[in-house]
Number of protein chains: 2
Amino acid sequence: MASDLRPPEHQVAGHRASADKLGPLVDGEGLFYKPLQAGERGEHEAAFYAAFTAHPAVPPRVRGAFFPRFHGTRLLPAPASPGGAPYPHIVLDDLLAGLPSPCVADVKIGACTWPPRSPDPYVAKCLAKDRETTSALLGFRVSGVRVVDARGGAVWRPDRSELKGIDAAGVRRVLRRYVSTGGGDGLDCALAAAVYGGEGGVLAQLRELKAWFEEQTLYHFYSASILFGYDANAAVAAAPGGGSGGVRVKLVDFAHVDDGDGVIDHNFLGGLCSLIKFIGDIVAEVQHCVLANVTHNKVPSNGESQLFERGNFTELPVT
Amino acid sequence: MASDLRPPEHQVAGHRASADKLGPLVDGEGLFYKPLQAGERGEHEAAFYAAFTAHPAVPPRVRGAFFPRFHGTRLLPAPASPGGAPYPHIVLDDLLAGLPSPCVADVKIGACTWPPRSPDPYVAKCLAKDRETTSALLGFRVSGVRVVDARGGAVWRPDRSELKGIDAAGVRRVLRRYVSTGGGDGLDCALAAAVYGGEGGVLAQLRELKAWFEEQTLYHFYSASILFGYDANAAVAAAPGGGSGGVRVKLVDFAHVDDGDGVIDHNFLGGLCSLIKFIGDIVAEVQHCVLANVTHNKVPSNGESQLFERGNFTELPVT
């Protein structure tokens, strides 16, 4: 089975595996292998997964809905080591398994990406990055994104440097493009109702996660990400009804999880609320357009792209 | 009228006015005079009050319930200046007016007390303080507190250095002592139901404020505080029914407010949620004690003080 391991085609963040470099692998049968990170981080992440999986105070619904299932650790041959000496990997559910045309976004949550008791040089390094990116300002940053245009098949995957430089307006555009089909200016938000809206959509899932974060005092998730995943074809088939099946919202990257010690994770929760507001604004915009079109009995015209430039739609009167 | 101005008896944070130092003053008729802070801060705070007061997107209910009313600025004679040269003051409602025995707590909200675009030395200074105090860890810190024991009249007002050094457990104790009458170990929480609980209590008011912060993208309140106020005698009279009239929850200190630019104040919101959890835990504890006493048909015994040492009560089974 190990011979079938290969780098995931749809990876959007982190190091990529190659003939001479460690990186995540998938087996094509639903499992994801993540090499232990260097130093204490890898051990720390594996220990988190083991403890979290067994913790009696974590609601099973939260664990099942929002975290990849943990299948222990496993030694795999390491590339570029003499004789392929074994290297430990964390084995997880492949979160994108079963999606033929996966659209993925990796959003690192929290204005602050370092645990409070970190050594000063690490704080300085993280703080500089949090201030250069949108983390400090928005409470989150987009670390990676991959969008398949279901109609044409084209893939949009901006590289890391492109994402690093974006501001709040850029984040809004990325979050719109993530649910657009590539028609017009690529920001038609044609899939917003199906992916972000509806009962099983991203927004409803984020709100459920938020309710847990308002109460849970077990863990502080520094530098963790929320991964969104949906299938381009399934979303097109479901749109614009809303709430297509199979939209995935999962927490990943736990190398810097800290004990909560009876305090809520206000840093993660604040960033999560900010992300909810960004996505909620897009859903409200789209609903507003649909309402406006019904009211005026016409299809969206070029006035729409102007609308999308406004930034904060909530201040527009809803007819 | 200016001759009646005097330093507020119940001030718990900030510089105190004296014969040769500027500091806040009250007129005894409901107004509070805050000297403009040095540098750009004072001008910035006055400009914030003026803009906030007139902003059409601020709900009147939020402005009226949670912010001191702004009465413009006024020149008052400055102490220790030749001939008492006039110095500008911001004129506000005196938030403690009408409380004969005011109990006050000043809680600075936000893990991060500096706006993201601040110069590096200012960031370094604030960051050090945020990490030394509980700000980074809890998302807030208690800057000042004053509790009157309604039964004996004794006043507890820890000094600044005492509050600076406290940890999460210390914050829990201060928030308990704020609603205790000084019986037993001074942590009886006899007024928790009247002050924190009930319809008009602190918890309900904080939750209403939170709902606004989940939506508002107008302002980011760096380094602002929430001030709690209640009257010791009125609370004793109301306890343990819950929801005594006259519990006050107000935002103060706006020298570092930043434009929201369409983004929620995730830093303030996260800290506010953390404070809500701390206070909600105390309310739940007290309710649990009342329930337990009803169930076992006995009054609280010395087992109670043990209970208060547990920290996070929510994990105890509720009978």
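For clarity, every value in this text was computed on a predicted model and none was experimentally measured. (Residues numbered from 1 in each chain as written. Chains lettered and ligands numbered in written order. Predicted model: local features only at pLDDT ≥ 70, side-chain atom pairs only at ≥ 80, totals over all residues. Heavy atoms only, no water.)

*Asks:* Mind showing me how you'd approach the environment of A:F228 here?
*Replies:* Among the secondary structure elements, A:F228 is positioned in strand 9 (residues 225–231). A sequence separation of 180 residues divides A:F228 from A:F48, and the C-alpha atoms of the two residues are 22 Å apart. (Helix = DSSP H or I, 4+ residues; strand = E, 2+ residues; numbered from the N terminus.)

*Asks:* I tried to follow a positive patch on the surface on my own but got confused; where do I start?
*Replies:* Residues and elements named next belong to chain B. Together, K21, R41, K125, K129, R160 and K164 give the surface a local cluster of positive charge. With respect to the element layout, K21 can be found in the segment before strand 1 (25–26). Judged by its relative accessible area of 47%, K21 is partly exposed. (Patch = residues over 30% accessible without salt bridge, like charges linked within 9 Å, V, L, I, M, F, W, Y side chains within 5 Å. Areas by Shrake-Rupley, 256 points an atom, 1.4 Å probe, with all protein chains shown as cover. Salt bridge = Lys/Arg side-chain N within 4 Å of Asp/Glu carboxyl O. Lys, Arg positive; Asp, Glu negative; His and termini not counted. Charge placed at Lys NZ, Arg CZ, Asp CG, Glu CD. Buried < 20%, exposed > 50% of the residue type's maximum accessible area, 1.4 Å probe, protein only.)

*Asks:* Explain the domain arrangement of chain A to me, please; I cannot follow it from the model alone.
*Replies:* Interface size is commonly expressed as the accessible surface area that is lost when the partners come together. Residue and element names in this part refer to chain A. Taken domain by domain, chain A consists of domain 1 (2–93) and domain 2 (102–315). Taken together, the 26 residues of domain 1 in the interface contact 26 residues of domain 2. Both faces combined, the contact of domain 1 with domain 2 buries some 2300 Å², and carbon together with sulfur accounts for 61% of it. Our count for the domain 1 to domain 2 interface comes out at two salt bridges. Residue E208 is joined to R61 by a salt bridge in which the shortest nitrogen-to-oxygen separation is 2.7 Å. Counting across the domain 1 and domain 2 interface gives seven residue pairs in polar contact (both at pLDDT 80 or more). The element best represented in the side of domain 1 that touches domain 2 is helix 1 (residues 39–54), accounting for seven residues. (Domains from an automatic or database assignment. Contact = heavy atoms within 4.5 Å. Buried area = accessible area lost by both parts, 1.4 Å probe. Polar contact = N/O pair within 3.5 Å; in protein donor to acceptor, adjacent residues only side chain to side chain.)

*Asks:* Quick question: what am I supposed to make of the sheet that holds strand 10 (residues 248–252) of chain A here?
*Replies:* Strand pairing in a sheet takes place through backbone hydrogen bonds and is either antiparallel or parallel in direction. Residue and element names in this part refer to chain A. In space, the five strands of this open sheet follow the order 7-6-5-9-10, with antiparallel pairing throughout. Each edge of the open sheet is held by one strand with a lone partner, namely strand 7 (155–156) and strand 10. Bridging between strand 5 (residues 102–109) and strand 6 (residues 140–148) involves six bridges; their strand directions are antiparallel. Looking at strand 6, one finds that K108 is bridged to R141. Relative to the sheet, helix 8 (residues 202–213) contacts strand 9 and strand 10, its axis offset from that of strand 10 by approximately 40 degrees. (Pairing = 2+ DSSP bridges. Axes fitted to C-alpha atoms, helices over the stretch in contact; angles between N-to-C directions.)

*Asks:* Whenever I open this one, the interface of chain A and chain B confuses me. Can you help?
*Replies:* Facing 35 residues of chain A, the contacting portion of chain B comprises 35 residues. Of all residues in chain A, the largest losses of buried area upon contact with chain B belong to A:R131, A:L137 and A:H266, amounting jointly to 23% of the total for that side. Seen at the junction of chain A and chain B, the total is six salt bridges. Its salt-bridge partner being A:K210, residue B:E214 comes within 2.6 Å of it at the nearest N-O pair. For the pair chain A and chain B, the number of links is 16 residue pairs in polar contact (both at pLDDT 80 or more).

*Asks:* So what exactly am I meant to see when it comes to the pairing of strand 10 (residues 248–252) of chain B here?
*Replies:* The two faces of a sheet get side chains in turn, since along a regular strand they alternate between them. All names here are of chain B. In terms of burial, strand 10 is largely enclosed, as four of its five residues are buried. When strand 9 (residues 225–231) meets strand 10, the two strands line up antiparallel, connected through five bridges. Within strand 10, the residue paired with G229 across the bridge is R248.

*Asks:* Teacher, can you tell me more about empty space enclosed by the protein here?
*Replies:* Rolled over the atoms, a probe sized like a water molecule indicates the empty space that remains. Within the structure shown, the criterion is met by one cavity of 30 Å³ or more. In this structure, the largest cavity encloses a volume near 330 Å³. Surrounding the largest cavity, 26 residues form its lining, A:A111, A:C112, A:N267, B:A111 and B:C112 being those nearest its centre. Of all the secondary structure elements, the ones that give two or more residues to the lining of the largest cavity are helix 3 (120–132) and helix 10 (266–296) of chain A together with helix 3 (120–132) and helix 10 (266–296) of chain B. Partitioning the lining of the largest cavity into residue classes produces 14 nonpolar, nine polar and three charged. (1 Å grid on protein atoms, 1.4 Å probe; cavity = no way out; pocket = protein on both sides within 12 Å on 5 of 7 lines; lining within 4 Å. Points joined across faces, edges and corners; volume = space filled by probe spheres on them. Nonpolar A, V, L, I, M, F, W, Y, C, P; charged D, E, K, R; others polar.)

*Asks:* Before we go on, may I ask you to explain the relation of the copies chain A and chain B in this structure?
*Replies:* The operation linking the two copies of the chain is a rotation about an axis combined with a translation along the axis. Superposing chain A onto chain B takes a rotation of 180 degrees combined with a translation of 0.0 Å along the rotation axis, leaving an RMSD of 0.0 Å. What the superposition gives is, in effect, a two-fold axis relating one chain to the other. Among all C-alpha atoms of chain A, that of A:G270 lies closest to the rotation axis, at 2.2 Å. An overlap of 100% is found between the interface residues of chain A and their copies at the interface of chain B, pointing to a shared contact surface. (Least-squares fit on C-alpha atoms with pLDDT ≥ 70 in both.)

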